[in-house]
Amino acid sequence: MAENYARGDMLGQGTFAVVYKGQDKRTGKVVALKEIFADEKSTDGKKGLDPTALREIKLLRELRHPNIIRLEDAYPKKKSVVLVLEFMHSDLEAIIRDQNLVLAAADVKSYMRQLLAALDTCHRRWVLHRDIKPNNCLIAPDGSLKLADFGLSRLYGSPDGRLTHQVFAQWYRAPELFFGARQYTAAVDVWAAGCIFGELLLRRPLFDGMCDIDVLSKVFGLLGTPGVEGNWPAAKDLPYFLQFTENKPVPLRQVFPAASGDALDLLGRMIQLDPLRRISSTDALRHPYFTNNPPPTPPALLPRTA
Ligand code: ADP
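What comes next is a walk through the structure. (Residues numbered from 1 in each chain as written. Predicted model: local features only at pLDDT ≥ 70, side-chain atom pairs only at ≥ 80, totals over all residues. Heavy atoms only, no water.)

### What about helix H6 (residues 186-202)?
Residues that lie three or four places apart on an α-helix share one face, since the helix turns once every 3.6 residues.
Argument step 1. Compared with the 24 Å implied by 1.5 Å per residue over 17 residues, the 25 Å span of H6 between its first and last C-alpha is a close match.
Argument step 2. Among the 17 residues of H6, 15 are classified as buried, and the element is accordingly described as predominantly covered. (Helix = DSSP H or I, 4+ residues; strand = E, 2+ residues; numbered from the N terminus. Expected span 1.5 Å × (residues − 1). Buried < 20%, exposed > 50% of the residue type's maximum accessible area, 1.4 Å probe, protein only.)

### Considering the site of the ligand
Argument step 1. In the region of the ligand, 17 residues are neighbours, and Gly 14, Thr 15, Lys 34, Glu 86 and Met 88 sit closest.
Argument step 2. Separating an oxygen atom of the ligand from a side-chain N or O atom of Lys 34 is a distance of 2.6 Å.
Argument step 3. Glu 86 is positioned with one of its backbone polar atoms (N or O) 2.9 Å from a nitrogen atom of the ligand.
Argument step 4. Relative to its free-state accessible area of 550 Å², the ligand is covered by the protein chains to the extent of 80%.
Argument step 5. In this structure, the ligand is accommodated by the largest pocket.
Argument step 6. Mapped onto the shell around the ligand, the elements with two or more residues apiece are strand S1 (5-13), strand S2 (17-24) and strand S3 (30-36).
Argument step 7. Counting residues per element, the shell around the ligand draws most heavily on S1, which supplies three residues. (Near = heavy atom within 4 Å. Polar contact = N/O pair within 3.5 Å; in protein donor to acceptor, adjacent residues only side chain to side chain. Areas by Shrake-Rupley, 256 points an atom, 1.4 Å probe, with all protein chains shown as cover. 1 Å grid on protein atoms, 1.4 Å probe; cavity = no way out; pocket = protein on both sides within 12 Å on 5 of 7 lines; lining within 4 Å. Sits in = over half its atoms within 2 Å of the grid points.)

### Structural notes on the layout of surface pockets
Argument step 1. The computed volume of the largest pocket comes to approximately 860 Å³.
Argument step 2. Contributing to the lining of the largest pocket are 34 residues, with Lys 34, Asp 91, Asn 135, Asn 136 and Leu 138 lying nearest its centre.
Argument step 3. When contributions to the lining of the largest pocket are tallied by element, the ones reaching two or more residues are S1, S2, S3, strand S5 (80-86), strand S6 (90-91) and helix H2 (92-97).
Argument step 4. Sort the elements by how many residues they give to the lining of the largest pocket and S1 lands first, with three residues. (Points joined across faces, edges and corners; volume = space filled by probe spheres on them.)

### Side note on the sheet that holds strand S8 (residues 145-147)
Argument step 1. Across the sheet, which stays open at both edges, the three strands sit in the order S6-S7-S8 with antiparallel pairing between neighbours. In this open sheet, the two edge strands, each paired with only one partner strand, are S6 and S8.
Argument step 2. By the bridge criterion, three bridges tie strand S7 (residues 137-139) to S8 in an arrangement that is antiparallel. Residue pairing for S8: Cys 137 is matched across the bridge by Leu 147.
Argument step 3. Against the sheet, helix H3 (residues 105-124) contacts S7 and S8, and its axis sits at roughly 30° relative to S8. (Pairing = 2+ DSSP bridges. Contact = heavy atoms within 4.5 Å. Axes fitted to C-alpha atoms, helices over the stretch in contact; angles between N-to-C directions.)

### A closer look at unusual backbone geometry
Argument step 1. Put simply, Asn 293 and Pro 294 share a cis peptide bond, and its omega is -5°.
Argument step 2. Here Arg 203, not a glycine, exhibits a phi torsion of approximately 65°, which is positive.
Argument step 3. A residue is classified by how much of its surface remains accessible, and Arg 203, at 24% relative accessible area, is partly exposed.
Argument step 4. The backbone of Glu 229 shows a phi angle near 55°, a positive value even though the residue is not glycine.

### Considering the sheet that holds strand S4 (residues 71-77)
Argument step 1. On the basis of which strands lie adjacent, the open sheet formed by five strands has the order S1-S2-S3-S5-S4 and antiparallel pairing. Each end of this open sheet is capped by a strand with a single partner; those strands are S1 and S4. Across the sheet, the axes of successive neighbouring strands diverge by a mean angle of 30°, strand direction being ignored.
Argument step 2. Sheet topology places S2 next to S3; seven bridges connect them, and they run antiparallel. Counterpart to Val 18 in the pairing with S3 is Glu 35.

### What to know about empty space enclosed by the protein
Argument step 1. Taken as a whole and judged by the stated rule, the model has four cavities of 30 Å³ or more.
Argument step 2. Reported here for the second largest cavity is a volume of approximately 80 Å³.
Argument step 3. Taken together, Leu 60, Leu 63, Ile 68, Ile 69, Leu 71, Leu 85, Asp 149, Phe 150 and Leu 152 make up the lining of the second largest cavity.
Argument step 4. Classifying every residue of the lining of the second largest cavity gives eight nonpolar, no polar and one charged. (Nonpolar A, V, L, I, M, F, W, Y, C, P; charged D, E, K, R; others polar.)

And the structure:
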């Protein structure tokens, strides 16, 4: 209920929401109040909030995991909705960009284990995220990573509409989606998590580009064009398949000279072009990378932004 929360200063504005600091008047707890813009098209193409969205939000309130931001409450406001979330201090984008921070191999492993644990929990319940990017990986006051907005991407309107305004999300978009695959699968989230893995190792985005073609050229520049070495046989059957000038894959070792062999093996499995061959979040967590040395840094000891 709206009257249970006091709205404070604005924390930030995203493409589809304004986020305010807030306080639960009953407990004094500091929260983040995320007000989704009411004028965005919802999933049924009409203005305002799709009635099924509220039902879904209720289900998402049941998702509890240390690496998923808690949706504590939600209430309607005019034609839209306000999400009451755990209050977070920073995000992974700020950490990656902070030139003063050194990210050790054990730190990267810790972020990846936390991100994959969040994905695994949701994928086991058939909940997809569909908009994983570093600034959706929030950092809690205790240093742990918490994935934000799980299952809520549908609230923000159709994926195509979203991509016209939200250029950055393209960098984490799986190749099958560029070619018009009709169904989002869990493999889409694993691809995005793989892009974040690469970005943590490189300290810059793995597949940044100004437009779809640009991003895809970078993807195929590294992984080879579809069809080369039988890497993705079903690509040519996708509705918007485009033939790119053929090139062979570049060994990951060339791009990541300092990374360990086990890290590159896992990364390679997460950014498989063919979604059917892409590793699942469950199997990724079982990869030897996570049990080999060095052990992942405990969240409380991870580097912090100033
Ligand atoms: P985007 O569209 O970039 O994903 P959001 O709409 O999710 O952004 O959030 C906008 C800004 O609000 C973020 O950049 C962040 O600074 C802030 N923010 C979002 N969620 C939280 C939270 N749970 N706690 C603190 N700040 C938050």
